[in-house]
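# Structural description and commentary
Chain residues, written in single-letter form:
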Amino acid sequence: MKIQYTAASSKYHFPDTTVSKWQKLIDLLSKTFKLPSTLIMELDGEWMKVFARNENTQNPYQIGYRESLHGLYCTTVINTGKKLSVPNALKDPDWMKNPDIKLGMIAYLGFPIYLPNKEPFGTICVLDNKENVFSKDIEQLLLQIKNIIELDIASFQTFESKSQLLEENALEQMRIINQTKKSYQKISRELKKEQDLHQNLNNNNKQLNHKLKQSEIKYTTLFSKLNSGVVLLSPICSPDGKLVDATYLDMNPMNEKLLGMDKKILIGKNLMSFFPKTEQAWLDTFEPVINEGKTINIELYNKNFDRHFSVNAFPMGDGSFCINYFDISDQIHLREKIEESEFRYKSFYNSIEAGIAIFEPIFNTLGKLIDIRYVDMNPVNETIIDAKCEDLIGKRHSECFPDTHDEFLEYFKDVLTHHKGKRFEKYYPYSSKYYSTNIFPIDKGLIAFTCYDITESVQAKQELEASEKRHKAIFENSSSSMVLIDPETGTILDANKAVLAYTGYSKEEFLDMDLGQISQSGEEELKRQLKLALDNEKNYYELKYRLASGEVRDIEVYTGKIEVKGKDVLHSVVHDITDKKNAFKEVLKLSKAVEQSPVSVVITDLNGNIEYSNPRNCELTGYTADELISKNPRVLKSGKLSKDVYIDLWNTILAGEKWEGEFYNRKKDGSFYWEVASIAPITNEEGTPINFIKIGKDITNRKMMELELRKSKLEAEESDRLKTAFLANLSHEVRTPLNGIIGFTNLMMNEDTTAEVKHEYGNVILESGNQLMMIIDDLVKIAEIEAGKLSIKQTEFLIIDLFNEILQFYKPEIADKALKIKISNTFNIACQIKSDHKRIRQIMDNLIKNAIKFTNKGEITLGAQCHKTHVLFSIKDTGIGISKTHQKVIFNRFRQIENHNTRLYGGNGLGLSISKEIVELMGGELWVESEEGKGSTFNFTIPI
């Protein structure tokens, strides 16, 4: 795979292998979750720069692409030092003007990346061109890649800083050596002058002693003008001859100055009375002068003055002695510094773990480098090349190592050409080791060569790479915490990043521990568990783990035996179940509360499918929990509520708000119930809805009471009105046929009336009597229904026979109105049923009479359809039709369409009410389908 990165594009010179690994990780993330853009961003001053990108044609970002920090997603991540998640910038006022929107990237998830010194390196992020909440899996994998990058950077900089420190120390020591040599030479010259001066002073002192004996005047003159301190003392000795004190006899002005005291105060006084802290060892220095008459020249440190002095002491011949001294503290301190510097340099040079060699370049007459000459090297370098320093100093490299000289010389040419150091890693076959080598120019045209043994590091890296190949998919990059354990000792052999992040230990700390230091199980129990796991007798455990913070957590461990380098090792996967256990306890309490709640509780998924129903809800609906699980609550719909109620419900809860209202639902047994309910979303930690919960209370009894109260009131009011209208209508309906009977009876009694006319009058009287009989019959039926005396008698009969009876009966009346009546051929009416023939005929008569009454032209169609459980009857006409408003009341007693229709068509308003009550008495249902001006269809069902 092509790596979209070059060293020149960044101030960090990471190895290609490291960057290649990062590239593979972000490619894997993008491909796994089908994300268009995964980026590693580098902070570059006031800019954010694309350091690495995933390979994807949909990725609009290119390597090196830079954007100003203002307004970027990544700027917020850098400034806050925290994760940033933006599901849809177009819906978020804070991000609507984000520059990345211009590239089509509206969704963002990112983490900061830090250098070991806690300074920000940049960010790692994923972007999407569509709304994306980004799952936990994406977030966890992105966080793992961030941790891997930070560990790689830390490893790289640790190595770099160590190597650089060695170089800098080597350069510093070389500089110190050169400065020290210069300073030492200068100080040596100064010391030589001082020594000469000291020697001259000694000579002068000898001459002075001689001259003092010669001339008191000359003594006094010289004594007063000396630049060094001179003091004459009379010794005070103990009985055993030990000098314990001295009396001041005389001193020159310089001594007064050095002591800071007037000699008039001191003369005749003892030294110890003014300087009681004078050490005996200081006094002992002058005993050879007093007891042996010797002259001494020494350097002394005087504790009273905290100074170093060059001292010349000699006897005066009269029992007294003279001390001539001058301050050499500065020279002593400088000499100590030189000695300390030389010691420090030599110690560092000889004890440093890196090999160091100093070379002098050799040029030809054209200024071309042709060879290098050994100037110096430390013991480590001697070991590396297996040669002694004294054997190589002054020799050319080509003489000592002709086989590797040409390759070696090329490195030095490169350093001299570019005037800067060159670093590289190289394997030296003659020592079978790997070295990190650095060549760089130093003072006076010399070139330093340093090499540091990195064999262990390289070999460890090689072993690590091999291990990564074996366990890359299931171990190192897994989001699950994994460890490798020695089953015999409990020692932790390896651990992945997830378990280190979880426990809070560094890898070094963790691998230096055993299970006994982490697990809360006893030693014997731990051994038993390891033995069971090693024997494959048990592979699941629940334990308690102590984290680095001291916190004890509950974990579950899945373990299995694998072979690593020929040895059985336990590969264990660790999951934290503390929260799960605590949550289980909480859930158990909540579950008990919900289970025992007097209100119904239902939990659904985001699509409304039921995931939980408490016992009260099951009791209320008549369904068991198993019957409700995975079902949608629409199974409870009665069809009696408006769709607008459900639309408002969903709009409210999808907006994250609580909906409150009432439902009129159907139970499993078909009965209905009222429920007052509160429905709200259940959200996760990020506030995203994951479920909906409904809490409801059965208010059927309350509703029924309210309904009965309202109904009773309305019925009472309506009854009064209808009874008034009915009595008025009944008076009209009864008076009309009675008037006909009485009137035409009187006419028949007239002797002038012919037989033919009498016969006609008789027909009118008969028709009026029949009409009056129908009114009385309807009243009797209402009375029977209200008294509960209307009985049902079942017989077997054919529907076609029933229909033929009806056609024959109403044929004259149909013909009188020029209408047609027929049986529909679209229904199956050839079936035989067992029911009450008389009651069905009564229902049909009422419906057909109404059809004839309200149809002026067209036809009336009878139909029936047999089903397994019932028969559906229908009477369809082409009459005046019924409005939607009147369809709701026509089945009530004493109700007709309009009063003016009553006067136009006649009737007492009882026929449909009687028919409906007979149908319901037989266990069926009666309803109408009609449109005003287009006719009506009355349907009713009869159970069979």
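Here the structure is a predicted model, which means the values were calculated and not measured.

### Details of the overall build of the protein
- Per the secondary structure count, the protein includes 30 helices and 33 strands.
- Total accessible area computed for the protein in this model is approximately 52,900 Å², and 53% of it derives from carbon and sulfur atoms.

### Here's the deal with the packing of helix α27 (residues 837-853) against helix α30 (residues 911-921)
- Interaxial distance between α27 and α30 falls to 9 Å at its minimum, and their mutual angle equals 150°. With respect to each other, α27 and α30 are oriented roughly antiparallel. As for how α27 packs across α30, the hand of that crossing is left-handed. Residues Arg839, Gln842, Ile843, Asn846, Leu847 and Asn850 of α27 form the contact with α30, whose participating residues are Gly911, Leu912, Ile914, Ser915, Ile918 and Val919.
- Residue classes in the contact of α27 with α30 are distributed as six nonpolar, five polar and one charged.

### Some words on the pattern of salt bridges
- For the coordinates displayed, the defined rule picks out 42 salt bridges.
- With a closest N to O distance of 3.1 Å, Lys83 and Glu139 form a salt bridge. Of the two residues, Lys83 sits in the loop between α2 (73-80) and β4 (84-86) while Glu139 sits in helix α3 (residues 136-214), which places them 56 residues apart along the sequence.
- Classification of Glu139 as buried rests on a relative accessible area of 15%.
- Between Lys422 and Asp414 there is a salt bridge, with the nearest N and O atoms lying 3.4 Å from each other.
- Taken together, the shared-partner salt bridges connect Glu551, Arg553, Asp576 and Asp579 into one network.

### Some remarks on the environment of Gly516
- As for its position among the elements, Gly516 is in helix α18 (residues 515-518).
- Separated by eleven residues in the primary sequence, Gly516 and Lys527 place their C-alpha atoms 9.5 Å from one another.

### Thoughts on the sheet that holds strand β12 (residues 355-363)
- Here five strands make up an open sheet; going across it, the order is β13-β12-β16-β15-β14 and the pairing antiparallel. Since the sheet does not close on itself, it has two edges, and those belong to β13 (369-377) and β14 (422-428), each with one partner. Here the strands of the sheet are splayed against their neighbours by 30° on average, with no regard to which way each runs.

### Observations regarding empty space enclosed by the protein
- Evaluation of the coordinates by the stated rule reveals five cavities of 30 Å³ or more.
- Roughly 170 Å³ of internal volume is contained in the largest cavity.
- Lining the largest cavity are 16 residues, with Ile485, Leu515, Leu530, Leu543 and Val557 sitting closest to its centre.
- Elements supplying a minimum of two residues to the lining of the largest cavity: β17 (481-485), α19 (523-534), β19 (540-546), β20 (552-564) and β21 (567-576).
- Broken down by element, the lining of the largest cavity gets its largest block of residues, four residues, from α19.
- Residues belonging to the lining of the largest cavity are distributed by class as follows: twelve nonpolar, four polar and no charged.
- Here the second largest cavity defines a volume of roughly 100 Å³.
- In terms of lining residues, the second largest cavity is bounded by 15 residues, among which Met41, Tyr61, Glu67, Cys74 and Asp100 are the most central.
- Those elements that place two or more of their residues in the lining of the second largest cavity are β1 (37-44), β2 (47-53), β3 (66-68), α2 and β6 (120-128).

### Observations concerning the state of the cysteines
- Taken as a whole and judged by the stated rule, the model has one disulfide.
- Looking at Cys125, it has no disulfide partner, and the nearest cysteine sulfur is the one in Cys74, 4.3 Å off.

### Observations concerning unusual backbone geometry
- Within the chain, Asp386 stands out as a residue other than glycine whose phi angle is a positive 60°.
- Considering the arrangement of structural elements, one finds Asp386 in the loop between α11 (379-385) and α12 (389-392).
- Judged by relative accessible area, Asp386 falls into the exposed class, the value being 71%.
- Its identity as a non-glycine residue notwithstanding, Ser630 has a phi of 75°, on the positive side.

What counts as what
Residues numbered from 1 in each chain as written. Predicted model: local features only at pLDDT ≥ 70, side-chain atom pairs only at ≥ 80, totals over all residues. Heavy atoms only, no water. Helix = DSSP H or I, 4+ residues; strand = E, 2+ residues; numbered from the N terminus. Areas by Shrake-Rupley, 256 points an atom, 1.4 Å probe, with all protein chains shown as cover. Axes fitted to C-alpha atoms, helices over the stretch in contact; angles between N-to-C directions. Parallel < 35°, antiparallel > 145°, perpendicular 65-115°, else oblique. Left-handed = near helix turned anticlockwise from the far one by under 90°. Contact = heavy atoms within 4.5 Å. Nonpolar A, V, L, I, M, F, W, Y, C, P; charged D, E, K, R; others polar. Salt bridge = Lys/Arg side-chain N within 4 Å of Asp/Glu carboxyl O. Buried < 20%, exposed > 50% of the residue type's maximum accessible area, 1.4 Å probe, protein only. Pairing = 2+ DSSP bridges. 1 Å grid on protein atoms, 1.4 Å probe; cavity = no way out; pocket = protein on both sides within 12 Å on 5 of 7 lines; lining within 4 Å. Points joined across faces, edges and corners; volume = space filled by probe spheres on them. Disulfide = S-S within 2.5 Å.

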